[in-house]
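Fold and contact review
Here is what each chain is made of, one letter per residue.
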Amino acid sequence: MKEQKIAFYTGPAGGWGALGSVKNTLLRQDIPLKGAKTLLSANQPDGFDCPGCAWPDRNHHSAFEFCENGVKAVAAEATARRAGPELFERHTVQELAGQSDFWLEDQGRLTHPMRYDAASDHYRPIAWDEAFALIAKHLNALPDPNQAIFYTSGRTSNEAAFLYQLFVRQYGTNNFPDCSNMCHEPSGSAMRPQIGVGKGTVTLQDFEHADAIFIFGQNPGTNHPRMLGELRAAHKRGARIVSFNPLRERGLERFADPQDTLEMATFGSTPISTHYFQLRVGGDLAAVKGVMKHVIEQEDARGGVLDRAFITGHTTGFDALAADLRAESWALLEQESGLTEAQMRSAGDVYIGADRVIACWGMGITQHLHSVATIQMIVDLLMLRGNLGREGAGACPVRGHSNVQGDRTMGIWEKPPAALLDRLGEVYGFAPPRAHGVDTVEAIRQMLDGQGKVFFALGGNFAAATPDTYETWKALRRCDLTVHVATKLNRSHVVHGREALILPCLGRTEIDMQAAGPQGVTVEDSMSMVHVSMGINPPASEHLLSEPAIVARLAAATLGEKSRVPWLWLVEDYARIRDEIEKVFPDFHGFNARVAVPGGFRLRNTASERVWATASGKAAFTPHAVPCDTPTHRARARHAGGVVFTLLTTRSHDQYNTTIYGMDDRYRGVYGQRRVVFIHPEDIRALGLKDGDRVHIHTVWDDGQERRAEGFRLVAYDIPRGNLAAYYPETNPLVPLSAVALAAGTPTSKSIPVMLVAA
Ligand SMILES: Nc1nc2c(c(=O)[nH]1)N[C@H]1C(S)=C(S)[C@@H](COP(=O)(O)OP(=O)(O)OC[C@H]3O[C@@H](n4cnc5c(=O)[nH]c(N)nc54)[C@H](O)[C@@H]3O)O[C@H]1N2
Ligand SMILES: Nc1nc2c(c(=O)[nH]1)N[C@H]1C(S)=C(S)[C@@H](COP(=O)(O)OP(=O)(O)OC[C@H]3O[C@@H](n4cnc5c(=O)[nH]c(N)nc54)[C@H](O)[C@@H]3O)O[C@H]1N2
Ligand SMILES: [Mo]
């Protein structure tokens, strides 16, 4: 067991620490140095798309871009370890369920399709055709197709996602919960009515021209390390980088580029943020409102601050916003943001002083009750000076999973637009289901109620990623059948329905051989660039199928004569699937030809052309009140005597969502452990405890249910008073199922009212 310690990290993000970590990663996955070939092929014109994150690649044309966490993601898939039938023979499912999430994935790549045998409590190998027949039997026996639920995680390629949504809609339901429901759902919900698109408006080139980059609730040093390259370059040419984050994240402070030999040789680094505002958790709406109030007051005082031409020509609702800002009280803004009036004014001055501004945001914005309102306020801020739809400016929601944006584009959406359904009906001659389906949280409810009976997951780890862990487990265990298409063993495979299947698939890094030869798939990054990903490694096992092949064979087995789609023929050559995509989505005209160009192509984004696909044909300023009714506000009112904290749950440097690579969080100085809770030293004292003590965390909620997570070590940290931070997924038992973002349904995993009790 590795030594547990807490030690302040003095290095920059990246640098020698990153290189050392990569060496350890390769050793751990038994990848010989020749494995470096795999790593060098990530994000290359003829290689695979890095499964690490959705940040776009500058280097689809040129040199290798070093990314520590990209290496970890690739190595996790290219590992030499195997979780074959012997593993399942050795352990009952109950034994496997007793292991940690880390241990489960650490067994390596799945090699055979497996079926749960209840009599012996073991998973046993099953032939692919039998597996598809079993699923088809269950699906076709359901009296109502809406009793089946089809989850998607965002690594799934466009080709697999397209076939999947077509199959499921022909089967008869829109039940498509996906990881996006837990992630950037509020970004789409906020921007669609406001500016007519649910995606970011910027490209990577815009980062070269921005004078100021505002970053809200995002930790790029860990989660989008390649973004640090853009930020470093921006800083070097004098752009302002303004971070809003309750924690001081190392990657937002300083970065050493491992490919800069001078910086490395001299142990140098480049600062990232020029301004760092350590606001209170959930305080962003108030903070942005303060920034905007300053802008309006400056306009009122001296004029010439706003982009009047943009406001008049392109927007609605400005007067209402301005009146609301003028009437807002600085005292309330200070109290709710945790920033001073002077800090908000100084951020406002940076905003006014910059001709071109980009605003980026991540999970620190999207996982709150008021996420949608907060994002609309960020976009309002951009619009005050016309920072939309011109070079160097725009909105940049930074997506997580490498193809989460593409999956939504392909129609993985529980609330599909009518136009998509109309088109599917026309092209394939069937009547698509019109009723909206369930999102992630609603899916859990349906399974709990006994309404959801078959759960099928294309990737991901539903049992660990979702809120209210033990409720979710109860839900999955009530199903007649659970099926997981996966690369690695995880919690969702051992918390299963009466019948259960694990279907092992190829990963991005692997050669996908079909009748017409090796196939590439396509993905869409956070900036709407669509490009090809080609695997280069031999498959982890000869029994693996690709995701498109799994979907096609399942569709053929389930729908039979009822479907006119030539499922098996389509997967012989994925170019045929892309031709189908082109038939349904006009934006994909000439798909095969356009994607053959190295680097691919950018999908049209109307807002970036100042074309507003909204109800009014204009972009809508959308003011919001400062939220004073959050669960924390209410809990504090009810528990005047106790100390109610707001807990944010986040990622360590050594994890990919529910996949735990290791027990360190280098930049935050945590080693050999994950059950820690970051807390202000004064709050520790006020509790009568000391740094290093163990506590249990209890959720304060109003439904009478006890929710707790036990045995967390207090770590004194630079975090606002009244706020706590701890790692996900260990803290998911604390997130109530009913705690979701307004108008988006996203679990509020960044603001859970909790109390601490000494262990
Ligand atoms: N290595 C690695 N890369 C990843 C992932 C991974 O797990 N590991 N996950 C992928 C996925 S799916 C996603 S969605 C992204 C996630 O990437 P991020 O969006 O960076 O997500 P988190 O790690 O949850 O961190 C959110 C940040 O928000 C801050 N924060 C928390 N609450 C608030 C708040 O109220 N206000 C503000 N302003 N800040 C707040 C936290 O301190 C933290 O710095 O990364 C993707 N890339
Ligand atoms: N408390 C709390 N909860 C959260 C969050 C948070 O910040 N706090 N973040 C949320 C966010 S942003 C997200 S996106 C979700 C993530 O939710 P998910 O996407 O469901 O979870 P992952 O951990 O990314 O899924 C990991 C599993 O995916 C499988 N896998 C990996 N590669 C492939 C592949 O190529 N194909 C297939 N079929 N399977 C593959 C492996 O078996 C692995 O075990 O979690 C959410 N949950
Ligand atoms: Mo995500």
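Bear in mind the structure is a predicted one, so any value in this text is a computation, not a measurement.

Digging into the overall build of the protein
In terms of regular secondary structure, the protein is built from 32 helices and 33 strands. By its C-alpha atoms, the protein is 75 × 60 × 55 Å across when sized along the principal axes. When the 759 residues of the protein are sorted by exposure, 65% land in the buried category. Considering only intrachain contacts with a sequence separation of at least 6, the fraction spanning at least 24 residues in the protein is 78%. Here the protein has roughly 26000 Å² of accessible surface; of this, 54% comes from carbon and sulfur atoms.

A look at helix H14 (residues 284-302)
Taking 1.5 Å per residue as the helical rise, H14 with its 19 residues ought to reach 27 Å, and the 27 Å between its terminal C-alpha atoms agrees with that figure. The element H14 is extensively covered by neighbouring structure, given that 15 of its 19 residues are classed as buried. Two residues or fewer after H14 comes Gly-303, characterised by a positive phi angle close to 70°.

Re the domain arrangement of the protein
For the protein, the domain assignment lists domain 1 (5-78), domain 2 (92-182 + 403-584), domain 3 (185-398) and domain 4 (631-758). Put simply, the middle of domain 1 and the middle of domain 2, counted by C-alpha atoms, are 27 Å apart. Of the roughly 1700 Å² buried at the junction of domain 1 and domain 2 (both faces included), carbon and sulfur atoms supply 52%. Taken as a group, Phe-48, Asp-49 and Glu-77 account for 35% of the area that domain 1 buries against domain 2, more than any other trio of residues on that side. Put simply, Asp-106 and Arg-28 hold a salt bridge, and the shortest N to O gap is 2.4 Å.

Thoughts on the pattern of salt bridges
This structure, assessed with the given rule, holds 52 salt bridges. Note that Glu-730 is salt-bridged to Arg-674, the shortest N-O span being 2.6 Å. In this pair, Glu-730 sits in the loop between strand E32 (723-727) and strand E33 (752-758) while Arg-674 sits in the loop between strand E28 (670-671) and strand E29 (676-679), placing the two residues 56 residues apart along the sequence. When salt bridges that share partners are traced, they join Asp-178, Glu-185, Arg-408, Glu-414 and Lys-415 into one network.

Considering the site of ligand 1
Every one of the 32 residues lining ligand 1 counts as a neighbour, but Glu-249, Gly-282, Asp-284, Gln-655 and Asn-657 are closest to it. The contact in question runs from an oxygen atom of ligand 1 to an N or O atom on the backbone of Asn-219, over 2.8 Å. One of the backbone N or O atoms of Gln-655 is found 2.7 Å from a nitrogen atom in ligand 1. Isolated, ligand 1 exposes 930 Å² of accessible area, and the fraction of that covered by the protein chains is 99%. Breaking the shell around ligand 1 down by element, the ones donating at least two residues are helix H10 (220-223), helix H19 (363-366), strand E25 (645-650) and strand E26 (655-656). In terms of residue class, the shell around ligand 1 is made up of 10 nonpolar, 18 polar and 4 charged.

Some points on the packing of aromatic side chains
Using the criterion set out here, one finds 30 aromatic pairs in the structure. Note on Trp-55 and Phe-207: the rings are 5.4 Å apart at their centroids and 75° apart in plane angle, and the pair reads as edge-to-face. On the criterion of sequence distance, the pair formed by Trp-55 in the loop between helix H2 (36-40) and helix H3 (68-78) and Phe-207 in the loop between helix H9 (185-195) and strand E8 (212-216) is long-range, its members being 152 residues apart. The buried category is assigned to Phe-207, whose relative accessible area is 1%. These aromatic residues form a ring-pair network of at least three members: Phe-150, Tyr-164, Phe-167, Tyr-171, Phe-176 and Phe-456. Taking NZ or CZ as reference, Arg-155 lies 5.2 Å from the ring centre of Tyr-656, over its face. We note Arg-594 situated over the ring of Phe-601; from NZ or CZ to the ring centre the distance is 4.1 Å.

Points about the sheet that holds strand E15 (residues 394-397)
An order of E12-E9-E8-E14-E15 is seen for the 5 strands of this open sheet, with the pairing classed as parallel. Looking at strand neighbours, the two that pair on one side only are strand E12 (275-277) and E15, the edges of this open sheet. Within the sheet, the average angular offset between the axes of one strand and its neighbour, ignoring direction, is 15°. As paired strands, strand E9 (residues 240-244) and E12 are joined by 3 bridges and run parallel to one another.

Digging into the environment of Ala-457
Assignment of secondary structure puts Ala-457 in strand E16 (residues 454-458). Those residues in contact with Ala-457 that lie beyond four places of it in its chain are Tyr-151, Val-483, His-484 and Val-485.

Topic: the layout of surface pockets
Taken as a whole, the largest pocket spans an internal volume of roughly 880 Å³. Lys-199, Thr-409, Trp-413, Pro-417 and Asp-587 are, among the 29 residues lining the largest pocket, the residues nearest its centre. Secondary structure elements with two or more residues in the lining of the largest pocket: H9, helix H21 (404-409) and helix H22 (418-428). Here the residues of the lining of the largest pocket are counted per class, giving 11 nonpolar, 11 polar and 7 charged.

A few points about the site of ligand 2
Lining the immediate surroundings of ligand 2 are 31 residues, of which Glu-105, Tyr-151, Ser-153, Glu-547 and Thr-658 lie closest. Note that an oxygen atom of ligand 2 is positioned 2.9 Å from one of the backbone N or O atoms of Asn-461. For ligand 2, an oxygen atom lies 3.1 Å from a polar atom in the side chain of Lys-750. Burial of ligand 2 by the protein chains amounts to 96% of its free accessible area of 930 Å². A per-class count over the shell around ligand 2 returns 11 nonpolar, 14 polar and 6 charged. Residue contributions to the shell around ligand 2 reach at least three from each of two domains, namely domain 2 (92-182 + 403-584) and domain 4 (631-758).

Some details on the sheet that holds strand E5 (residues 114-117)
Read from one edge of the open sheet, 6 strands run E6-E5-E18-E17-E16-E7, paired in mixed fashion. The open sheet terminates on both sides in strands that have one partner only, identified here as strand E6 (122-125) and strand E7 (148-152). Averaged over all pairs of adjacent strands, the angle between their axes in this sheet comes to 20°, without regard to strand direction. In the sheet, E5 pairs with strand E18 (residues 499-504) via 2 bridges, with the strands oriented antiparallel. Of the residues in E18, the one forming a bridge with Arg-115 is Leu-501. Each of E5, E7, E16, strand E17 (481-486) and E18 touches helix H7 (residues 128-141); the most contacted strand, E18, lies at about 135° to it.

About the thresholds
- Residues numbered from 1 in each chain as written.
- Chains lettered and ligands numbered in written order.
- Predicted model: local features only at pLDDT ≥ 70, side-chain atom pairs only at ≥ 80, totals over all residues.
- Heavy atoms only, no water.
- Helix = DSSP H or I, 4+ residues; strand = E, 2+ residues; numbered from the N terminus.
- Buried < 20%, exposed > 50% of the residue type's maximum accessible area, 1.4 Å probe, protein only.
- Contact = heavy atoms within 4.5 Å.
- Areas by Shrake-Rupley, 256 points an atom, 1.4 Å probe, with all protein chains shown as cover.
- Expected span 1.5 Å × (residues − 1).
- Domains from an automatic or database assignment.
- Buried area = accessible area lost by both parts, 1.4 Å probe.
- Salt bridge = Lys/Arg side-chain N within 4 Å of Asp/Glu carboxyl O.
- Near = heavy atom within 4 Å.
- Polar contact = N/O pair within 3.5 Å; in protein donor to acceptor, adjacent residues only side chain to side chain.
- Nonpolar A, V, L, I, M, F, W, Y, C, P; charged D, E, K, R; others polar.
- Phe/Tyr/Trp six-rings, centres within 6.5 Å; stacked < 30°, edge-to-face > 60°.
- Lys NZ or Arg CZ within 6 Å of the ring centre and 35° of its normal.
- Pairing = 2+ DSSP bridges.
- Axes fitted to C-alpha atoms, helices over the stretch in contact; angles between N-to-C directions.
- 1 Å grid on protein atoms, 1.4 Å probe; cavity = no way out; pocket = protein on both sides within 12 Å on 5 of 7 lines; lining within 4 Å.
- Points joined across faces, edges and corners; volume = space filled by probe spheres on them.

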